[in-house]
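Observations on the model geometry
So the chains spell out like this:
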Amino acid sequence: MAYKRQIDRLPIPPADAKVHNVTCHYCIVGCGYKAYTWPRNKQGTPENNAFGIDLNEQQPADGTWLAPSNYNMVKQDGKDVHLAIIPDQDCVVNSGLTSIRGGRMAENRPSKVTGTQQQRLSDPLVWRNGVWQPTSWADAQDLVARVTAKIVTEYGEDELLVSMFDHGGSAGGYENTWGTGKLYFDSMKVKNCRIHNRPSYMSEVHSSRDMGVDELNYSYSDYEVTDTILIVGANPLETQTNLYLNHMVPGMRSGARFIMVDPRRSVSVNAAEEVAGKENVLHLAIKPGTDMVLFNALLTQVVDNGWTDSEFVANSTFQGEEAVAMGTGQPSGLGSLEYAMETCRTSAEEAAEICGVDAADIVKAAEWIAKPKEDGSRSKCVTGYEKGIIWGNDNYRTIGAVVNLALATGNIGRDGTGCCRLGGHQEGYYRPSDAHVGRPAVYFDQHLIKGGGKVYHIWACDHYKTTLNATQFKRVMKKRSDMVKEAMDAAAGGSREELVDAIVSAVNAGGLFVVDVDIIHSQIGHNAHVILPACESNEMNLTSMNGERRLRLSERYMDPYGNSKPDCLIAADMAQHMERVLREIGNDAYADQFKGYDWETEEDAFMDGYHKGNPEVTYERLRAMGTNGVQEPVTGFENGELVGTPQLYTDGVFTRHGREDGKALFCAAGWRGWQAEGKAQEEANHDFWINNVRANIFWQNQFLDQENEFIQDRFPYPFVEMNEDDMALLGIGAGDLIQITNENGATEGMAYPTDTAKPGQVAMVFGSPAGSQGNVVNSGVNELNLPDYKHTWGNIRKIADATPQAKAISFKSKEYKA
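None of these values were measured; they are calculated from a predicted model.

A separate point is the sheet that holds strand S8 (residues 193-195). Read from one edge of the open sheet, 7 strands run S6-S5-S18-S17-S16-S7-S8, paired in mixed fashion. Among the strands making up the open sheet, the edge pair consists of strand S6 (131-134) and S8. Within the sheet, the average angular offset between the axes of one strand and its neighbour, ignoring direction, is 20°. Two elements, strand S7 (residues 160-164) and S8, share 3 bridges in a ladder whose sense is parallel. The partner of Val162 across the bridge, within S8, is Cys193. Contacts between helix H2 (residues 137-154) and the sheet are confined to strand S5 (125-128), S7, strand S16 (455-459), strand S17 (513-518) and strand S18 (530-533), with S18 contributing the most and set at about 125° to the helix.

Structure representation (structure tokens):
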């Protein structure tokens, strides 16, 4: 930051600086910020400034002040302006707190004055003469449309492959998911598609939805008034920092107990012990993949001790036996509590044997969750779960088992309760129906690997870093795309018609024509033939909701970088070119399907999509709601404000499954061991469990951090946290470069000694550009094609001593000590 950017002083925002509402576009928490912009040749004074405070005085740590990472100089309406982004003290999400990600939004903006983020794509690129040549939007989109139109008209829409985001934040939002969704699900009916982080087009929480429970049903404030916080397969201090600090910590300080279910001891456990006291923290360090057994045992304790919320169960859940039978699209039966107990019943002793935790701790956890208080009132529990089980063993039934416990104890729909996924990105999904995709959807990666598809459109995805079976995926995709590159090189200098014919000939021989829409030249983009530059949130207006369904408008405060555009307008441009090309070839009926994309701004896309389904919501009204926004669903507009829904299911009616009776269903979550193919054999054959984890300091696949010196100085290589005794046995020292291998492939990282790591277990950071854990994940998936990234085993060997960069790293414990 300051020491890297050589900033030793900062300008003061003048009193008349422009002020913009900003939602941090990284994690799902969605902290509120204010962005200030003002002319380059102007600044305020310590006494008269945009903050309205006396800057002659030392500001408190939690006050309003500006750090070098909060500052940059960017383009606004073609002119250089100062930019300062600071956390909003009045936003209820973060109350003025910032994270290392949100606090660096300003320095992560592209600037030709300060030289930040010059890796950003500025112009469309087309593969010509052996290199990517900059070109115009019209030229690039014409080629995309001509190849795509020829393929889908002559060979069918099933030959078009699509990868696209389904989230909010920097790449998605309601504007951009509508633009891509309208193109591929309305104008076309593309079924061979996948989402950014999973190898099919499907939900990650099918069972919760099938049970009637939307996966985001509480408010963050519920953590502050609960009795017990139950976290499953997540590390919220690391990955939802201000949710933990601003809501969970106050809850623990008010007396809430904290239960963590995770094989790994994380900083979240340590911090909870410091805040609540070790006697009020229970870490159930289960064996990998046994979460379902634990939750079945907790449910059994609740039922057998009479701790269920009998009134809630009777009035709000299905009564009888089986309501929905097990089928190919539903990997377990659903029905009443009694029906579910027939397969879920598990004693504490049985669970202890399978899970590797003490039976007494299972009993204690059940008491903390559900045992009535001395006055007879019901205990309140908030459950938050995430990738540890979403990307884990037997996804459908495991998540069903978690929701079972919340339903049985009535811990949904009242203050201080909820059963929710903690999330990764913010949410911004708004698309036409995807029913044509089917359930289970096509296993996209395997379809591509087996030669399926002729044209591949990629939107803000880099599967080279973030998919399973990545070694084979990369190898096959490179081979297929290289066939097209060779054909394009051979046709250099020919007409557009000759180039298109050469491409079509190559894809008919097994090649793949690739179009990549992104903000940087990604790893997967290096195998593309056309690259289209997108802009980010705040280079466009963008709406999304956070993990408590809080909808905000994050306002544009700077120009898109170079000639980049919002994804929704790129999709609209693509549709218009498709319509033109289809009419040229005489297919007017098909061309008519691509009408309705005459959008000039991202607001036009918002009004065409989200607004039509939610007519009360407009940019103007969202702007007036500021960084606090409104919690979805929006139910009206009264007294100049949008009216939202702080908590779902307060009426005890459950509708996510679409059943008319409004009754929640329980899941018959019977244990069946390792569910994804190959996991049991892999565990038996190798020495180490290779868990994948995230890190606070960077986000996702490090798309903007990989060129940031501050970040790369901390982790120049993907860290692999290891037990120190394991390292000694293998002759590995702190910072040494190591290789992880198994039958699926190999990957590399940096050994990071961690005194809390169990022997035989390592934690490798997810999505690193310098080493992908996905290289060693096999192709086995859960039913419905949910990836089990979390359960991979391999062997480890040293390949090099610590480099000079690694030797400079601190390996001090990450745990906070009071």
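Further remarks concern the environment of Gly156. Its place among the elements puts Gly156 in the loop between H2 and S7. In this structure Gly156 comes out as partly exposed when scored by relative accessible area, which is 22%. Distance from Gly156 to Val190, taken between C-alpha atoms, is 9.6 Å for residues 34 residues apart in sequence.

Here the largest pocket is characterised by a volume of approximately 1,300 Å³. Around the largest pocket, the lining comprises 47 residues; the ones closest to its centre are Arg209, Asp214, Glu215, Tyr429 and Arg656. If one sorts the elements of the lining of the largest pocket by residue count, helix H4 (residues 206-210) sits on top with 3 residues. Estimates place the volume of the second largest pocket at around 850 Å³.

Now for the domain arrangement of the protein. Examined at the domain level, the protein breaks down into domain 1 (18-104), domain 2 (125-201 + 434-543 + 560-600), domain 3 (217-426) and domain 4 (679-808). Computed over C-alpha atoms, the centres of domain 2 and domain 3 are 41 Å apart. In this assembly, 7 residues from domain 2 lie in contact with 8 residues from domain 3. Across the domain 2 to domain 3 interface the summed buried area is about 550 Å²; carbon plus sulfur atoms make up 46%. Our count for the domain 2 to domain 3 interface comes out at 0 salt bridges. Remark: the boundary between domain 2 and domain 3 carries 2 residue pairs in polar contact (both at pLDDT 80 or more).

About the thresholds
Residues numbered from 1 in each chain as written. Predicted model: local features only at pLDDT ≥ 70, side-chain atom pairs only at ≥ 80, totals over all residues. Heavy atoms only, no water. Pairing = 2+ DSSP bridges. Helix = DSSP H or I, 4+ residues; strand = E, 2+ residues; numbered from the N terminus. Axes fitted to C-alpha atoms, helices over the stretch in contact; angles between N-to-C directions. Contact = heavy atoms within 4.5 Å. Buried < 20%, exposed > 50% of the residue type's maximum accessible area, 1.4 Å probe, protein only. 1 Å grid on protein atoms, 1.4 Å probe; cavity = no way out; pocket = protein on both sides within 12 Å on 5 of 7 lines; lining within 4 Å. Points joined across faces, edges and corners; volume = space filled by probe spheres on them. Domains from an automatic or database assignment. Buried area = accessible area lost by both parts, 1.4 Å probe. Salt bridge = Lys/Arg side-chain N within 4 Å of Asp/Glu carboxyl O. Polar contact = N/O pair within 3.5 Å; in protein donor to acceptor, adjacent residues only side chain to side chain.

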